[in-house]
Amino acid sequence: MKYSLEYVKALQDELTRLQSVEKAQEWIPVIRTAIADYMYSEGCSCCRNVEAHKKHTKRIAKLLDVPKYEDGYGFDFYQFRTPTGETK
């Protein structure tokens, strides 16, 4: 059975797309846990764990490729936020 070059290319493209989706799906539990750890470290003002908060912020920034601020203090999550007045 012969297949056209276009057909084979389309199958290869679809396989690549599916592999990308599968790889992305593997990251969801990792990111979800990182965010849950971060949120837990937030606490309220009486029980906030500042060191854990810093640790989990760094972990999320690394997972999501968030750069540090130019002065090196903290991570620039701000650039990725939903603009004021918009919801997603």
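Just so it is clear, the model here is predicted, and its values are computed rather than measured. (Residues numbered from 1 in each chain as written. Predicted model: local features only at pLDDT ≥ 70, side-chain atom pairs only at ≥ 80, totals over all residues. Heavy atoms only, no water.)

Draft legend 1. Broad picture of unusual backbone geometry. Here the phi dihedral of Asp65 falls at roughly 55 degrees; this positive angle occurs in a residue that is not glycine. When you line up the elements, Asp65 lands in the segment after α2 (50-63). On the basis of relative accessible area, Asp65 is assigned to the exposed category, the value being 66%. (Helix = DSSP H or I, 4+ residues; strand = E, 2+ residues; numbered from the N terminus. Buried < 20%, exposed > 50% of the residue type's maximum accessible area, 1.4 Å probe, protein only.)

Draft legend 2. View of a nonpolar patch on the surface. A cluster of nonpolar side chains, contributed by Tyr3, Tyr7, Val8 and Leu11, occupies part of the molecular surface with about 390 Å² of accessible area. Mapped onto the elements of the fold, Val8 is located in helix α1 (residues 5-42). Classification of Val8 by relative accessible area gives partly exposed; the value is 32%. (Patch = residues over 30% accessible without salt bridge, like charges linked within 9 Å, V, L, I, M, F, W, Y side chains within 5 Å. Areas by Shrake-Rupley, 256 points an atom, 1.4 Å probe, with all protein chains shown as cover. Salt bridge = Lys/Arg side-chain N within 4 Å of Asp/Glu carboxyl O.)

Draft legend 3. How the structure looks around the pattern of salt bridges. Summed over the entire model, instances satisfying the criterion amount to four salt bridges. The salt bridge partner of Glu14 is Arg17, with a shortest N-O separation of 2.7 Å. Remark: Arg17 and Glu14 occur in helix α1; sequence separation between them is three residues, near one turn of the helix. Given the relative accessible area of 34%, Glu14 is considered partly exposed. Asp37 is the salt-bridge partner of Arg59, the closest N and O atoms lying 2.6 Å from each other. Note that Arg59 is positioned in helix α2 and Asp37 in helix α1, a separation of 22 residues in sequence. Judged by its relative accessible area of 27%, Asp37 falls in the partly exposed class.

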